[in-house]
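Observations on the three-dimensional arrangement
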Amino acid sequence: MTQFMSQAMTREAALRIGLAARELDGTSINGLVQALAGKLGLPLTETRLATLTVTDLCEVLAGEHADESCSIGVEHECLKRAVRLLWHALDGVGLTGETG
């Protein structure tokens, strides 16, 4: 499993995805990884995550059920925060949760 994870994504990307999944209440990390891999391809890297938009995230979360309004039960502000986490770690907060 660890070997697959190292081939499928970088450690930094995995941390970013975990933080983003936590922001998207009710979204599993595994489900988010699979959806992102389907959209961006493997390996999931910081560079690929940085290309994701709020619209892209909405589409991957909605899957085949996407409509024009992309109503997926997640607040738009949560989607924006999740995308920012996928782009980079929060300013002033390390990935260990310590403030700097």
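Before reading further, recall that the structure is shown in the block above.
Residues numbered from 1 in each chain as written. Predicted model: local features only at pLDDT ≥ 70, side-chain atom pairs only at ≥ 80, totals over all residues. Heavy atoms only, no water.

1. With respect to the pattern of salt bridges
Counted by the stated rule, this structure contains five salt bridges. The residue Asp56 makes a salt bridge to Lys39 at a minimum N-O spacing of 3.6 Å. With Asp56 in helix H5 (residues 54-62) and Lys39 in helix H3 (residues 29-40), this residue pair connects regions lying 17 residues apart in the sequence. For Asp56, a relative accessible area of 16% gives the class buried. For Lys39, a relative accessible area of 39% puts it in the partly exposed group. For Glu77, the salt bridge is made with Lys80, and the minimal N-O distance between the two is 3.2 Å. (Salt bridge = Lys/Arg side-chain N within 4 Å of Asp/Glu carboxyl O. Helix = DSSP H or I, 4+ residues; strand = E, 2+ residues; numbered from the N terminus. Buried < 20%, exposed > 50% of the residue type's maximum accessible area, 1.4 Å probe, protein only.)

2. As for the nonpolar core
One broad trend across soluble globular proteins is that nonpolar side chains are buried collectively. Formed by 23 residues in total, the largest nonpolar core has its most connected members in Ile17, Leu32, Leu36, Leu44, Leu49, Leu57 and Leu86. Secondary-structure elements contributing two or more residues to this core are helix H2 (11-23), H3, H5 and helix H6 (76-87). What Leu36 contacts, discounting residues up to four positions off in sequence, is Ile17, Gly41, Leu44, Leu49, Leu52, Val60 and Leu86. (Core = buried A, V, L, I, M, F, W, Y, C linked by side-chain atoms within 4.5 Å. Contact = heavy atoms within 4.5 Å.)

3. Digging into H3
In an α-helix, one turn spans 3.6 residues, which is why side chains three or four residues apart end up on the same side. The end-to-end C-alpha separation of H3 is 16 Å, in line with the 16 Å expected for twelve residues at 1.5 Å each. Burial in H3 covers these residues: Leu32, Val33, Ala35, Leu36, Ala37 and Leu40. Each element contacted by the buried residues of H3 is listed here: H2, helix H4 (46-49), H5 and H6. Gly41 occupies a position one or two residues after H3 and carries a positive phi of about 85 degrees. (Expected span 1.5 Å × (residues − 1).)

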